[in-house]
Amino acid sequence: MTKKISIKHMIYQRSSALFAAAQKVIPGGVNSPVRAFKAVGGDPIFVKEARGAYLYDEDENRLIDYINSWGPMILGHAHPAVVNAVVEKAKKGTSFGMPTEIETQIAALAVSMVPNIDKIRFVNSGTEACMSAVRLARGYTGKDKIIKFAGCYHGHSDSFLIQAGSGAVTFGSPNSPGVTKGTAQDTLLARYNDLAHVEDIMTSNKDEIACVIIEPVAGNMGCIPPEKGFLEGLRSLCDAHNILLVFDEVMTGFRLSKGGVQELLDVNADMITFGKVIGGGLPVGAFAAREEIMNHLAPLGPVYQAGTLSGNPLAMAAGLAMLTELNDNPEIFNSLADKTEYLHKGITKALHNHNVIHTINRLGSMISVHFAEDKVVDFDTAAKGNNDTFKKFFHGMLDHGIYIAPSAFESWFITDALTYEDLDETIAAVENVARRL
C-alpha cells in the first residue's frame, strides 16, 4: 500500500533573500547556470548543510536529495571516511605546488580499479579532463577533428559547445557566443545511438578525425543508456578508421561499477575521463589511457598540460578515501542498483495510477523520468518531453521535501545513504504529485 503523506508547503524565504543578494555580485546569482532554476521557475534553494541522503537548507527544511552534488556523493553527504581524510590532511597544509605521495597512491588505486588504463593524470574538473583528453588525442594522432554527440555534455570548453546542424553529415555551429566558427568546424556532430550516422561522418572525413568522445551512458539529456551493440559498434568503427575512442566517464566512472562503463558493459575505450566520484565531492577531474598514449604528455612528450592546483592534497585525500571505500566494499554497487530499481518500479506504478504519460530510463544508480510518450534514446527524443509537466512535477516534489534535478535534461543520482523508507516517501510523493499533473 502506498504510504500516505501530506504536502509540506515548505517556506523558502531565506533562500529567496540570499538569491536576491547573490544576483547583485554573481552573474545570475549562481556559479553554474542550472542552479538558477531558470528551467523550472522560482528561486533556487540555498543549502546550509547536508548529511547522508538529506539536504538542510537555509530555511531549516529537510530535503531528500536525488542529485547528490550531480553524482559525487555516492555514499552520502559528509561521509565520515571522506571528511576525516580531508580534515587530517588540511592540518598538514592545503596546497604545495609540489609532488606528494598521496597523488601516487590514488593514481595506483584508480589504475587498479579501471580496465585498460596504465597511467592517469589528475586535474581540477571534468571540463578540464575532457579538454585535455581531446588535446592529447589530437597530439597523439596528428589529426584535428573530433566527433561528439548531440546532447552529450563534456564541459564548457570551446570544442564541446557545439549544436547539431541540418543534414546527415554536417559541421557544427557554435552554441555559445565566444566560440569561434573555426573551432566549431573541427567538431562533427553525431546522433547518439545511431551507428550509421557515425559511419557516414567518418567516411566523409577520412583520415581527419582524431577521436570520438562520448558519454557511454548519457546523463545530460536525462539518463540514456546505449542501445545494445552501439558502444561495441563504435569500438569497431574507431578501429577500422584509426580513430581513438574516448569515454567521458565523469558521471559514470566509479559509479556504475568499480571500473565504470568499460567494466559494466565490457567495451574498452582508448582514453577515459573522470570527475565527480573520483574527487569524493572536492574539485577533481582526471584522464587516463594506455602508456603509449599518456607518454605523449609533458614532461615526457610534446602535448602540454599543467595546473597549479592539480593533485591538490585535500582533493586527493577525499578521492582516495572515496575510492578506497568503493574498492573495499564492491557490494555497494549492487545495493545502489537494487535501490534504483525499487525506485523505478514505485515511480512507474504511481504515475500509471494517474495515467501520466512518461517513460523512465535507468542503468545502475542513474535514473531519469521523461514525460514523453516514446522511448527516449537520443537528444531529439528527449526534447519531445513535456516540459510544462516536468516543471509541475519538480515543484510538486519539492513541496513534499524531495529534491530532484531542476532540469528535465539531467539524470538523477542515487546515493547508498538512501533508506528504503526514504524511497517509499519519495514514491508516495510521486503518487500525490501525479494526481495534480
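Definitions and cut-offs
Residues numbered from 1 in each chain as written. Predicted model: local features only at pLDDT ≥ 70, side-chain atom pairs only at ≥ 80, totals over all residues. Heavy atoms only, no water. Helix = DSSP H or I, 4+ residues; strand = E, 2+ residues; numbered from the N terminus. Rg over C-alpha atoms; globule rule 2.2 N^0.38 Å. Buried < 20%, exposed > 50% of the residue type's maximum accessible area, 1.4 Å probe, protein only. Contact = heavy atoms within 4.5 Å. Areas by Shrake-Rupley, 256 points an atom, 1.4 Å probe, with all protein chains shown as cover. Lys, Arg positive; Asp, Glu negative; His and termini not counted. Charge placed at Lys NZ, Arg CZ, Asp CG, Glu CD. Pairing = 2+ DSSP bridges. Axes fitted to C-alpha atoms, helices over the stretch in contact; angles between N-to-C directions. pLDDT = per-residue confidence, 0-100. Phe/Tyr/Trp six-rings, centres within 6.5 Å; stacked < 30°, edge-to-face > 60°. Core = buried A, V, L, I, M, F, W, Y, C linked by side-chain atoms within 4.5 Å.

Asks: Please give an account of the overall build of the protein that cites residues and values.
Replies: When its secondary structure is counted, the protein shows 14 helices and 16 strands. For a compact globule of 437 residues, the expected C-alpha radius of gyration is about 22 Å, and the protein comes in at 22 Å, within 12% of that figure. C-alpha atoms of the protein, sized along the principal axes, occupy 60 × 55 × 45 Å. Buried positions account for 54% of the 437 residues belonging to the protein. Taking as baseline every contact in the protein between residues at least 6 positions apart, the subset at least 24 positions apart corresponds to 72%. Carbon together with sulfur atoms contributes 51% to the accessible area of the protein, which is approximately 18,500 Å² in total. Put simply, the protein has 39 plus and 49 minus side-chain charges, and the middle of one group is 4 Å from the middle of the other.

Asks: Please set out the sheet that holds strand β13 (residues 359-363) residue by residue, giving values where relevant.
Replies: Read across the sheet, three strands follow the order β13-β14-β16 without closing on themselves; strand pairing throughout is antiparallel. The open sheet terminates on both sides in strands that have one partner only, identified here as β13 and β16 (412-413). Bridge count for β13 against strand β14 (residues 366-370) is five bridges, and the pairing is antiparallel. Residue pairing in the sheet places Thr-359 in a bridge with His-370 of β14.

Asks: Quick one: what's the story with the sheet that holds strand β5 (residues 145-149), residue by residue and with numbers?
Replies: Pairing within the open sheet is mixed, and its seven strands lie in the order β4-β12-β11-β10-β9-β5-β8. In the strand order of this sheet, the two ends are held by β4 (119-123) and β8 (187-190), each with one partner. Across this sheet, the average inter-strand angle for adjacent strands is 20°, counted without regard to direction. Note: β5 against strand β9 (residues 209-214), three bridges, orientation parallel. Its bridge partner lying in β9, Ile-146 is registered against Cys-211. Its contacts with the sheet put helix α4 (residues 126-141) on β4, β5, β9, β10 (244-249), β11 (271-274) and β12 (285-289), and the angle it makes with β11 is roughly 160°. Helix-sheet contacts for helix α6 (residues 195-204) involve β5, β8 and β9, and the interaxial angle to β8 is about 155°.

Asks: For the confidence of the model for the protein, give the residues involved together with the corresponding values.
Replies: On average, residues of the protein score 93 in pLDDT, and 95% of them are at 70 or above. Considering only residues more than four positions removed or in separate chains, one finds that residues 164-172, a stretch of pLDDT under 50, has 22 contacts.

Asks: Go over the packing of aromatic side chains, please, and point to the residues and values.
Replies: Under the defined criterion, the tally for this structure stands at twelve aromatic pairs. With a centroid separation of 6.1 Å and 85° between ring planes, the pair formed by Phe-149 and Tyr-192 is classed as edge-to-face. Of the two residues, Phe-149 is situated in strand β5 and Tyr-192 in the loop between β8 and α6; the sequence distance between them amounts to 43 residues. Ring centres of Phe-371 and Phe-393 lie 5.2 Å apart, and the angle between their planes is 65°; on these two criteria the pair is classed as edge-to-face.

Asks: Would you mind going over unusual backbone geometry in detail, with residue names and values included?
Replies: Between Ala-298 and Pro-299 the backbone carries a cis peptide bond, its omega angle lying at 15°. Following the sequence through the fold, Pro-299 ends up in the loop between α9 (291-294) and α10 (313-328). The backbone of Trp-70 shows a phi angle near 65°, a positive value even though the residue is not glycine. Relative to the assigned elements, Trp-70 resides in the loop between β3 (62-65) and α2 (80-90). Given the relative accessible area of 15%, Trp-70 is considered buried. Even without glycine at this site, Ala-78 takes up a positive phi of about 55°. With respect to the element layout, Ala-78 can be found in the loop between β3 and α2. Residue Ala-78 is classed as partly exposed on the basis of its relative accessible area of 44%.

Asks: Account for the nonpolar core, naming residues and giving values.
Replies: Judged by nonpolar contacts, the single largest core of 112 residues is most densely connected at Tyr-66, Phe-149, Ile-214 and Phe-254. Here the element with the most residues in this core is α10; it accounts for nine residues. Residues contacting Ile-214, with those up to four places away along its chain left out, are Phe-149, Cys-152, His-154, Tyr-192, Phe-230, Leu-231, Leu-234, Leu-245, Val-246, Phe-247 and Asp-248. Leu-244, Val-250, Leu-297 and Val-303 belong to the second-largest nonpolar core, a separate cluster that totals 21 residues.

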